[in-house]
Amino acid sequence: FQQVQIDKARDFAQKSIDTAQKFGLKTEQGAALVADITNQLGQGGFNRAAHRAGLHQGGDVSNEQASLQRLEHTSHRPNSHDRFNNIAGTFNLTDPIKRRILDDHSTHVA
């Protein structure tokens, strides 16, 4: 039973990474926010929030931090600001290990 839960969590995390990359987000922080919003609102809810934030599949993001803030704002979730700050604090901008860039071809959940 636990293995099924672990497999489902890995699949969800990988889908979040893939979705983040499709929308032009390049960092783990972006993938974490995608996962959080998708977990709360579903894929359709994430897609609507991303569209309202100006993110589009296949698009390029020049200022990811500003895009993530817009995405948080347009997601309209309970306590979304606090949740965003918690995620952002986990991925400190000054710590390159905590703000790693997602690799388009080889980023996979272990």
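In case you missed it, the structure is sitting above this.
Quick notes on the rules
Residues numbered from 1 in each chain as written. Predicted model: local features only at pLDDT ≥ 70, side-chain atom pairs only at ≥ 80, totals over all residues. Heavy atoms only, no water. Helix = DSSP H or I, 4+ residues; strand = E, 2+ residues; numbered from the N terminus. Buried < 20%, exposed > 50% of the residue type's maximum accessible area, 1.4 Å probe, protein only. Phe/Tyr/Trp six-rings, centres within 6.5 Å; stacked < 30°, edge-to-face > 60°. Salt bridge = Lys/Arg side-chain N within 4 Å of Asp/Glu carboxyl O. Contact = heavy atoms within 4.5 Å. Axes fitted to C-alpha atoms, helices over the stretch in contact; angles between N-to-C directions. Parallel < 35°, antiparallel > 145°, perpendicular 65-115°, else oblique.

> Is there a simple way to think about unusual backbone geometry in this case?
Glycine aside, the phi torsion of most residues is negative, and most peptide linkages are trans. Positive phi, close to 50°, is recorded for His-76, a residue that is not glycine. Mapping His-76 onto the fold places it in the loop between helix 3 (64-74) and helix 4 (80-90). You can call His-76 exposed: its relative accessible area is 59%.

> Which parts of the structure should I look at to understand the packing of aromatic side chains?
Pairs of aromatic rings are described using the distance from one ring centre to the other and the angle between the two planes. Inspection of every chain in the model, using the stated rule, returns 1 aromatic pair. Taken together, a centroid distance of 5.2 Å and an interplanar angle of 85° make the contact between Phe-23 and Phe-46 edge-to-face. Of the two residues, Phe-23 sits in the loop between helix 1 (2-22) and helix 2 (28-52) while Phe-46 sits in helix 2, which places them 23 residues apart along the sequence. Judged on exposure class, the residue Phe-23 and its partner Phe-46 are both buried.

> Could you clarify how one ought to interpret the pattern of salt bridges in this entry?
When the charged atoms of two side chains lie near each other, side chains of opposite charge can form a pair. Taken as a whole, this structure holds 3 salt bridges when the rule is applied. For Lys-26, the salt bridge goes to Asp-60, with nearest N and O atoms at 3.1 Å. Separated by 34 residues along the polypeptide, Lys-26 in the loop between helix 1 and helix 2 and Asp-60 in the loop between helix 2 and helix 3 bring together distant segments of the chain. Asp-60 sits in the exposed class, given a relative accessible area of 66%. Among the ionic contacts, a cluster of salt bridges with common partners joins Asp-36, Arg-77 and Arg-83.

> Teacher, can you tell me more about the side chain of Ser-16 here?
Structurally, Ser-16 is set in helix 1. Leave out the neighbours within four places in its chain, and Ser-16 touches Ala-31, Val-34 and Ala-35.

> How do you make sense of the packing of helix 1 against helix 2 when you look at a structure like this?
The angle between the axes and the distance between the axes are what describe a pair of packed helices. In the contact formed by helix 1 and helix 2, the axes pass within 9 Å of each other and the chain directions differ by 95°. One way to sum up the angle between helix 1 and helix 2 is to call them roughly perpendicular. Contacts from Phe-12, Ser-16, Ile-17, Thr-19 and Ala-20 in helix 1 reach Gly-30, Ala-31, Val-34, Ala-35, Thr-38, Asn-39, Gln-43 and Phe-46 in helix 2.

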